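Working through the structure, step by step
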Amino acid sequence: MSNKVITRIAPSPTGLFHIGTARTALFNYLYAMKHGGKFILRVEDTDKERSKKEYEEDILNGLKWLGLEWDEFYRQSERGEIYKKYLQQLLSENKAYLDGNAVRFRNPNKKVSFKDIIRGDIEFDTADVGDFVIAKDLDTPLYHFAVVVDDNEMGVTHVIRGEDHISNTPRHVLLYEAFGFALPQYAHLPLILAPDKSKLSKRHGAVSVTDYKEQGYLPEAIVNFIAFIGWNPGDNREIMSLSELVESFSLEKAQKGGAIFNTERLDWYNKEYIRKKATAELGEMLVKYLPEKWAEVAEQRKDYWYKIAELEKERITKLSDIKEGIGYFFETPDYDKKLLLWKKAENLDESKTHLEKIVAFLNSLNSEDFTSRDIKEAIWNYAEEQGRGNVLWPLRVALTGLEKSPDPFLVAGILGKEETISRINNAIKKI
Ligand code: GLU
């Protein structure tokens, strides 16, 4: 036997890929990769009624999306013969017996202990669990049994899972002993808690990785964020890629206490990773979050769209935020003319005069030099002289129809000379 580290994630496909499962998978992945080992994905679908193919797909896609590629794949529903063989072994050795239909394990009712890498020595009196059921019949093994047979068959050396499984472990230890298998090492991770310290659940918001994906969280941000739930590298690094996490990972640094799931923290990570993206790549990702009509424009005018993406990159927290407040890049803004009145100005005629002046300045620029810098240079002195609000407020409204928007010079630079002047002329006509 080699000493190669082998870990596994063993999800039951009875629901969408949960963020807690993602974290357990990540820790298993990191530990295996750190030690040059192997990471196994085992779908625990012995519960035929509750297991669904669509959930299995969701879990597999989610793991791939996060970059947690597995080295081996198994599905418990395809391993019936193996479980049957081991069930028969226990029955023939009188370590299990049939009770009506069910197969029960003959519990020696003794104290067992195991060492947990995170929590130290744990001892249990197994008398409390009695002769527990290990299979409904020879073709229908239950979790406690299948997990032990599989972890042993697959050579799993480290069982890293949520601490809700601690109370199951004594049963597993009894089965290991009954078979004469060597125990794996255990590491039970602290539960993920909501900010109010209760168990994280749907009422706290999204809990499935797919939900986060759909809202436009980036996989790098989720991986980085969940790595830090219950673990940190022991220095002040916060932004870490998957390979940096592999490099620094150690189970010994995992904390014992419940770990808080803090959405603001996730948002912070997401913003950081969005800003790191190259604009063209980000632009392509963002198109999917646009209403169809805008998406068509974005596809046809890539340069234009990438400029918008570059501008919005600083603002958005998640990709789905893109559709808020950018309508004016795709549709001529519609607004009440009263909006063109700067709060300190006397009347709209003032706005009109300033807008006419701006058109004259902009007409002196040629279309090629219509960058936000050129535009600013052309207008700035006049704006300083007349009062910035007086000049720039109506300009902003003319271009965007909004009270709040990015810098109007940036907006004009993206819209281009023709469109910018046409919008200002529209505003003048309104007055
Ligand atoms: N199928 C179990 C679950 O989803 C796996 C538990 C384990 O890792 O042993 O909770």
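Note that this is a predicted model, so its numbers are computed, not measured. (Residues numbered from 1 in each chain as written. Predicted model: local features only at pLDDT ≥ 70, side-chain atom pairs only at ≥ 80, totals over all residues. Heavy atoms only, no water.)

**Some details on the UniProt feature "domain: Glutamyl/glutaminyl-tRNA synthetase class Ib catalytic" (unreviewed entry) in the protein chain**
The cut-off we apply is this: UniProt positions are given in the numbering used here, feature names are shortened, and annotations may be inferred rather than shown by experiment. Helix and strand assignments follow DSSP, with helices taken as H or I runs no shorter than four residues and strands as E runs no shorter than two, numbered in order from the N terminus.
Sites flagged by UniProt as "domain: Glutamyl/glutaminyl-tRNA synthetase class Ib catalytic" (unreviewed entry) map to residues 4-99 and 102-268. From the first C-alpha to the last, residues 4-99 spans 40 Å; its make-up is 45% helix and 19% strand. Between the C-alpha atoms that bound residues 102-268 there is a distance of 51 Å. The span itself is 31% helix and 22% strand.

**Some words on the site of the ligand**
This is how it is decided: Whether a residue is near a molecule or strand depends on its heavy atoms: it is near if one of them lies within 4 Å of it. Any pair of N or O atoms that falls within 3.5 Å is considered a polar contact. Within protein, one atom must be able to donate a hydrogen and the other to accept it, and sequence-neighbouring residues count only if both atoms are side-chain atoms. For the accessible areas, the method is Shrake-Rupley and the probe is 1.4 Å, while residue cover comes only from the protein chains on display. Each residue gets one of three labels, nonpolar for Ala, Val, Leu, Ile, Met, Phe, Trp, Tyr, Cys and Pro, charged for Asp, Glu, Lys and Arg, and polar for the others, Gly among them.
As a structural note, the neighbourhood of the ligand is formed by Arg 8, Ala 10, Pro 11, Ser 12, Glu 44, Tyr 143, Val 147, Arg 161 and His 165. Glu 44 places a side-chain nitrogen or oxygen 2.6 Å from a nitrogen atom of the ligand. The separation between an oxygen atom of the ligand and a polar side-chain atom of Tyr 143 is 2.8 Å. Relative to its unbound accessible surface of 300 Å², the ligand loses 79% to contact with the protein. Residue composition of the shell around the ligand, grouped by class: four nonpolar, two polar and three charged.

**Remarks on the sheet that holds strand β8 (residues 133-137)**
Heads up, the rule is: A pair of strands is treated as paired once DSSP finds two or more bridges between them.
Reading across from one edge, β4-β5-β8-β9 is the order of the four strands in this open sheet, with antiparallel pairing throughout. Two strands in the sheet have a free side with no partner beyond their single neighbour: β4 (96-99) and β9 (140-141). Of the strand pairs in this sheet, β8 and β9 are connected by two bridges, and their pairing is antiparallel. Note that in β9 the partner of Ala 135 across the bridge is Pro 141.

**Remarks on the packing of helix α3 (residues 80-92) against helix α5 (residues 169-179)**
Two numbers describe a pair of packed helices, the interaxial angle and the distance between the axes. What counts is decided by this rule: Interaxial angle, 0 to 180 degrees, is taken between N-to-C directions of lines fitted to C-alpha atoms, where a helix line uses only the stretch in contact. If an angle is under 35 degrees, it is roughly parallel; if it is over 145, roughly antiparallel; if it lies from 65 to 115, roughly perpendicular; otherwise it is oblique. Note on contacts: a residue pair qualifies if any of its non-hydrogen atoms lie within 4.5 Å across the two residues.
α5 packs onto α3 with a crossing angle of 75° between their chain directions and a minimal axis gap of 11 Å. The angle between α3 and α5 places the two elements in the roughly perpendicular class. On α5, the residues touching Tyr 86, Gln 89 and Leu 90 of α3 are Leu 175, Ala 178 and Phe 179. Residue composition of the contact of α3 with α5, by class: five nonpolar, one polar and no charged.

**A short note on helix α14 (residues 372-386)**
So the rule is basically this: One less than the number of residues in a helix, times 1.5 Å, gives the span that helix is expected to have. Categorising residues by exposure relies on relative accessible area from a 1.4 Å probe, with only protein chains included: less than 20% of the type maximum marks a residue as buried, more than 50% marks it as exposed, and the intermediate range marks it as partly exposed.
In this model, α14 (15 residues) spans 20 Å end to end at C-alpha, consistent with the 21 Å of a helix rising 1.5 Å per residue. Here α14 has its buried residues at Ile 375, Ile 379, Tyr 382 and Ala 383. Immediately downstream of α14, the backbone of Gly 387 shows phi near 100°, a positive value.

**Structural notes on the packing of aromatic side chains**
Applied cut-off: Two aromatic rings from Phe, Tyr or Trp, using only the six-membered ring of Trp, form a pair when their centres are within 6.5 Å; if the ring planes differ by under 30 degrees the pair is stacked, by over 60 it is edge-to-face, and anything between is tilted.
Counted by the stated rule, this structure contains 23 aromatic pairs. When the centroid spacing of 5.0 Å and the interplanar angle of 5° are considered together, the rings of Trp 294 and Phe 330 count as stacked. On the criterion of sequence distance, the pair formed by Trp 294 in helix α11 (residues 292-300) and Phe 330 in the loop between α12 (302-312) and α13 (348-363) is long-range, its members being 36 residues apart. Residue classification places Phe 330 among the buried residues on the basis of a relative accessible area of 16%.

**Quick word on the packing of helix α10 (residues 279-287) against α12**
Viewed as axis vectors pointing N to C, α10 and α12 meet at an angle of 95°, and their least axial separation amounts to 9 Å. By the angle between their axes, α10 is roughly perpendicular relative to α12. Side by side, α10 and α12 meet where Thr 279, Ala 280, Leu 282, Gly 283, Glu 284, Leu 286 and Val 287 of the first sit next to Lys 302, Trp 305, Tyr 306, Ala 309 and Glu 310 of the second. Classifying every residue of the contact of α10 with α12 gives seven nonpolar, two polar and three charged.

**A word on the side chain of Thr 126**
Within the secondary structure layout, Thr 126 lies in the loop between β7 (120-125) and β8. According to the relative accessible area criterion, Thr 126 is buried, its value standing at 1%. Those residues in contact with Thr 126 that sit more than four places away from it in its chain are Asn 107, Asn 109, Lys 110, Val 112, Pro 170 and Leu 174.

**What about the nonpolar core?**
The following threshold applies: Note on terminology: a nonpolar core comprises buried Ala, Val, Leu, Ile, Met, Phe, Trp, Tyr and Cys residues joined through side-chain atoms within 4.5 Å.
Membership of the largest hydrophobic core comes to 105 residues, with the highest contact counts inside it found for Trp 305, Phe 329 and Ile 424. Take this core: its biggest share by element is nine residues, from helix α1 (residues 19-34). Here Ile 424 is in contact with Leu 355, Ile 358, Val 359, Leu 362, Leu 395, Ala 398 and Leu 399, once residues within four sequence places are set aside.

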